[in-house]
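Inside the fold
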Protein chains: 2
Amino acid sequence: MHWITVLQKASFRTKQFPVQFRILRLISSHLPNQVTEDAEKQLSHQQNAGASKENLILKVPKGTRDFSPKQMAIREKIFSTIISCFKRHGAVTIDTPVFELKELLLENYGEETKLIYDLEDQGGELLSLRYDLTVPFARYLAMNKIKRCKRYHIGKVYRRDNPSIKRGRFREFVQCDFDIAGQYDPMIPDAECLKVMHEILTALQFGDFLIKINDRRILHGIFTVCGIPEIKFERTCSTLDKLDKVTWEEVKNEMIREDGISPECVDHVSEYVQLHGGPCLIEKLLKDPKLVQNKLAMEGLEDMKLLFEYLSLFGIIDQVSLNLGLARGLAYYTGVIYEAVLLHQKYNHLNESLTISSVAGGGRYDGLVTKFDSKGYKVPCVGVSIGVERIFSIIEQNNEMSKKKIRTTETQVLVATPQKNFLALRMKFISKLWNAGIKAEMIYKKNPKLLEQLHYCEETGIPLAIIIGEEELNNGVVKLRDVVTRKEVNIPQENFIEEIKRRLEKYNT
Amino acid sequence: MHWITVLQKASFRTKQFPVQFRILRLISSHLPNQVTEDAEKQLSHQQNAGASKENLILKVPKGTRDFSPKQMAIREKIFSTIISCFKRHGAVTIDTPVFELKELLLENYGEETKLIYDLEDQGGELLSLRYDLTVPFARYLAMNKIKRCKRYHIGKVYRRDNPSIKRGRFREFVQCDFDIAGQYDPMIPDAECLKVMHEILTALQFGDFLIKINDRRILHGIFTVCGIPEIKFERTCSTLDKLDKVTWEEVKNEMIREDGISPECVDHVSEYVQLHGGPCLIEKLLKDPKLVQNKLAMEGLEDMKLLFEYLSLFGIIDQVSLNLGLARGLAYYTGVIYEAVLLHQKYNHLNESLTISSVAGGGRYDGLVTKFDSKGYKVPCVGVSIGVERIFSIIEQNNEMSKKKIRTTETQVLVATPQKNFLALRMKFISKLWNAGIKAEMIYKKNPKLLEQLHYCEETGIPLAIIIGEEELNNGVVKLRDVVTRKEVNIPQENFIEEIKRRLEKYNT
């Protein structure tokens with residue numbers, strides 16, 4: 001690891017660890033992940049040896065981030081849009097611990113199991129941070145023997161992935177999940193999940209989107225009729241899932257070279273997985289001479305036909321496209337799968353090339369609860385997960401570009417004074433406002449300047465100021481100032497609360 | 001570890017791990033913590049060796065819990081009360097990762113550092129789950145060089161403590177913190193923190209409470225004039241902090257035997273720390289012949305006098321008591337400290353014996369940000385933390401006793417039909433409701449029975465049902481049913497949305 005020595009010898013012979021760390025971070029994008037981590041660790045250890053305040057590194061863990069008040073204001077608006085849609089569809093909410101028994105998480109994520117964060121074995125149970133909210137939901141249903149449940153869950157999940165801020169990939173991120181568990185008539189809950197996805201993406205107003213749909217049964221049917229051995233289905237799904245990141249040529253090459261599928265099979269698969277369209281495509285596939293021989297594919301296609309009927313009744317069919325190349329990475333899907341992508345320009349069923357990465361996804365997983373149930377009881381599930389981190393990045397960027405001013409507080413009134421020694425009176429007045437449920441602030445100074453107080457209103461977007469001074473006190477009034485128009489009016493002290501409430505309605509704060 | 005053998009041989013010779021675990025859990029409260037953990041681990045290992053679905057233990061990690069929809073409904077109401085108060089006082093909010101660099105958490109929690117959860121070293125940085133929200137806040141301020149900030153933060157924190165459901169002590173729990181950082185005129189932000197605490201406990205309506213206040217400077221002054229060596233101050237504070245759990249006699253004994261304080265000193269301290277009262281006590285102490293010789297104590301008492309003036313202006317002085325025995329466990333407090341306790345009956349400044357454990361606490365910590373700042377810049381802070389888990393337990397118990405019915409959804413309308421083959425029409429109607437922002441559900445069956453649909457409304461508290469059948473369809477109306485009164489009325493289809501909205505206002509849902 002000679003480059004650490006280089007780092008150490010280069011420009012500083014003293015133990016300037018912060019500088020070394022900073023340099024390391026600057027060059028880290030050019031180094032393999034493991035090398036960077038090893039180096040950080042080594043520097044960390046060296047630094048701990050002679051730890052002092054000067055050497056303390058102030059940073060958040062790799063792949064995680066703080067959210068500032070301004071960012072939180074944006075995020076809370078997004079969460080509130082999402083939650084109000086989940087509630088509009090009658091979902092309850094639950095909460096589960098951020099870590100689970102390690103053994104419960106294993107075997108659910110295929111190759112990605114290596115990305116699970118483990119807790120140190122400090123005596124007691126072996127624990128891991130949750131990788132998603134779906135497996136804890138299935139565990140919750142099985143543990144409590146719940147046969148039906150429509151729930152949403154907003155929570156943080158953890159993946160020891162190689163973080164990429166550009167691609168919005170973090171090691172700690174929030175998931176917003178809506179799932180319907182229970183045995184119902186086919187495709188009704190599935191259609192509602194898609195309606196939920198559609199409502200949320202519409203409400204967030206960040207442009208056109210397209211919902212791609214497929215069905216694992218159709219996909220497996222295609223694999224079968226194309227001659228791919230069943231044992232390679234999962235692997236082939238994973239490879240196919242890369243289609244939104246790389247070209248079909250690259251996927252083809254990987255299938256041949258890494259998955260060991262014959263070029264003939266791949267060519268054959270190729271004809272199918274590049275198809276996309278609406279109800280006409282479904283009708284065509286239902287008559288496909290090869291697929292008709294596959295029972296599973298026919299089941300999937302019949303259900304897809306029904307689903308499109310329901311989506312038409314829900315009025316969202318125009319933004320939905322059956323896409324036979326959609327695979328989704330996770331191992332637990334058993335039926336319908338879907339993914340929403342944003343479009344740079346007006347979407348078009350024939351042209352999906354202009355899409356950027358997905359902002360929501362989900363599907364049907366009928367076997368997951370069974371896996372946890374000791375008696376093997378079946379609780380079929382279908383769900384949707386909103387990719388809130390990507391959505392946040394897009395909205396944050398849009399706001400920055402439009403230079404939109406974002407308030408980080410909801411304060412309605414500032415209690416101000418132009419004179420000295422009015423702290424006690426300000427405290428009395430603000431107390432009345434708080435007790436009346438009005439959002440109010442005052443400057444934490446005994447004798448603040450009036451200009452400073454008014455400036456604070458303008459800076460933080462407080463619409464009203466009440467001003468109390470000697471004169472107002474003697475006349476039994478308070479001065480009310482509209483911060484934007486700078487208009488001032490005296491109102492009697494005895495009904496100042498009612499008057500302020502009346503005026504606030506106008507500002508809608 | 002013979003009792004594991006006993007467990008294994010007792011009633012089952014087959015490897016019935018779930019039964020063994022269950023028995024272990026049943027008897028675990030009678031065993032020392034370490035023994036239970038070792039046993040769970042041993043059983044876990046044995047079980048993993050022959051793992052299969054039948055043997056999978058479905059449980060949450062020790063000291064953590066799931067929250068059911070009913071519990072979440074209660075919790076969300078509590079959070080919303082707390083957050084609306086924080087916002088009323090003009091606080092912004094931030095978010096920080098659930099884990100931090102391990103080295104940033106060390107040295108802040110004294111003896112309790114051993115309770116920190118570490119993440120496994122999987123390569124890369126050494127990380128720990130956050131122990132509270134205060135240290136991450138201080139790290140955030142120092143890292144971003146923020147000199148002033150009034151923020152709230154609601155988040156989960158982690159402590160590898162011995163869990164006790166009875167005492168509401170968990171390994172994963174939510175903290176609700178409100179803190180004011182910045183250099184201001186004395187005691188103004190401190191008074192606001194106490195006002196926030198008072199408003200929240202009042203709004204939650206679970207009975208009388210008392211806010212105990214003290215100041216670390218007064219406490220250190222007392223220790224000094226009683227002859228306790230400075231090096232033992234922190235230790236003595238920790239011991240004194242047990243006063244709310246054990247008697248003064250026991251605390252005294254621990255001070256003498258474990259902290260090595262002389263019996264004379266302890267007797268001397270005893271006279272002070274049992275004092276409690278209001279402004280009169282402060283006046284008395286300001287003239288106390290011993291304390292007047294201690295500059296720090298006098299500073300604390302002068303500030304306390306000012307604080308009581310402010311609390312009087314805020315109208316909350318009646319529920320506040322200076323309590324010289326209040327110490328608070330955490331090492332980082334430097335000035336005013338406070339704690340709110342619930343009272344079984346009307347509180348009384350002279351009788352605090354009827355208190356149960358604290359439901360909120362906080363204080364001033366002027367040195368924490370400096371510790372993280374490489375230039376040692378001072379950002380004095382004061383804050384309050386609401387003990388939401390204890391509050392939740394109390395409110396949950398109250399609800400159970402009063403058999404109060406709690407809705408877990410907010411659904412306003414069920415779209416029902418008395419006839420077969422009306423799924424498509426129900427879907428069209430429910431879609432209109434959702435698009436109009438009305439919270440609506442339907443049964444996920446092609447042909448549900450009317451009775452089942454109406455029963456679902458009654459069971460889940462949905463106030464309105466719209467019923468569409470052949471007759472209604474032909475007459476261009478929908479039938480609107482008030483679920484509670486069972487009154488039905490036909491309304492024209494063209495304005496059914498407006499009519500439903502009008503009626504919902506009445507239900508206030």
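Procedures and definitions
Residues numbered from 1 in each chain as written. Chains lettered and ligands numbered in written order. Predicted model: local features only at pLDDT ≥ 70, side-chain atom pairs only at ≥ 80, totals over all residues. Heavy atoms only, no water. Helix = DSSP H or I, 4+ residues; strand = E, 2+ residues; numbered from the N terminus. Buried < 20%, exposed > 50% of the residue type's maximum accessible area, 1.4 Å probe, protein only. Contact = heavy atoms within 4.5 Å. Buried area = accessible area lost by both parts, 1.4 Å probe. Salt bridge = Lys/Arg side-chain N within 4 Å of Asp/Glu carboxyl O. Nonpolar A, V, L, I, M, F, W, Y, C, P; charged D, E, K, R; others polar. UniProt positions renumbered as here; feature names shortened; annotations may be inferred. Polar contact = N/O pair within 3.5 Å; in protein donor to acceptor, adjacent residues only side chain to side chain. Lys, Arg positive; Asp, Glu negative; His and termini not counted. Pairing = 2+ DSSP bridges. Axes fitted to C-alpha atoms, helices over the stretch in contact; angles between N-to-C directions.

A few words on the overall build of chain A. Across its full length, chain A carries 19 helices and 16 strands. A total of 509 residues make up chain A; the buried ones form 56% of that total. In chain A, once contacts between residues fewer than 6 apart in sequence are set aside, the share between residues at least 24 apart is 67%.

Further remarks concern the interface of chain B and chain A. Contacts between the two partners involve 101 residues from chain B, matched on the other side by 102 residues from chain A. Interface area, chain B with chain A, both sides summed: about 9400 Å², of which 59% is carbon and sulfur. Our enumeration of links across chain B and chain A arrives at 12 salt bridges. At 8 residues, helix H16 (residues 423-435) of chain B tops the list of elements feeding residues into the side of chain B that touches chain A. Taken together, the residues of the side of chain B that touches chain A break down into 44 nonpolar, 21 polar and 36 charged.

Residues and elements named next belong to chain A. In this structure's numbering, the residues bearing the UniProt feature "binding site: L-histidine" (unreviewed entry) are Asp132, Leu133, Thr134, Arg159, Gln175, Asp179, Arg328, Tyr332 and Tyr333. With respect to the helices and strands, Asp132 occurs in the loop between strand S3 (127-129) and helix H6 (134-143). Residue class for Asp132 comes out buried when judged on its relative accessible area of 1%. Residues within four places of Asp132 in sequence aside, it is in contact with Tyr109, Val157, Arg159, Gln175 and Tyr332. A distance of 3.1 Å separates a polar side-chain atom of Asp132 from the backbone nitrogen of Val135. Summarising the element assignment, Leu133 is placed in the loop between S3 and H6. A relative accessible area of 0% places Leu133 in the buried class.

Residues and elements named next belong to chain A. Here Arg216 lies in helix H8 (residues 216-225). Asp241 provides the closest opposite charge to the buried, salt-bridge-free Arg216, at an N-O distance of 6.9 Å. In this view, Arg216 contacts Cys237, Ala327, Arg328, Gly329, Leu330, Ala331, Tyr333, Thr334, Gly335 and Ile337; residues no more than four positions away in its chain are not counted.

Residues and elements named next belong to chain A. Extensive coverage of strand S5 (residues 172-181) is indicated by the burial of 10 of its 10 residues. Residues Glu172, Val174, Cys176, Phe178 and Ile180 point to one face of S5 and Phe173, Gln175, Asp177, Asp179 and Ala181 to the other, with burial holding for every one of them. Looking at chain direction, strand S4 (residues 149-158) and S5 are connected through 10 bridges and run antiparallel. Following the sheet pairing, His153 is matched in S5 by Asp177. As paired elements, S5 and strand S11 (residues 381-386) share 6 bridges and run antiparallel to each other. The residue bridging Asp177 from the neighbouring strand is Ser385, located in S11.

All names here are of chain B. If you trace the 5 strands from one edge of the open sheet to the other, you get S13-S12-S14-S15-S16, paired in mixed fashion. The open sheet has two free edges, formed respectively by strand S13 (440-441) and strand S16 (488-492), since each of these has just one partner strand. Pairing analysis gives 4 bridges linking strand S14 (residues 464-467) to strand S15 (residues 477-482), with the strands arranged antiparallel. From the neighbouring strand, Ile466 faces S15, where its bridge partner is Leu480. Sheet strands touched by helix H17 (residues 450-460): strand S12 (413-416), S13, S14 and S15. Its angle to S12, the strand with the most contacts, is close to 175°.

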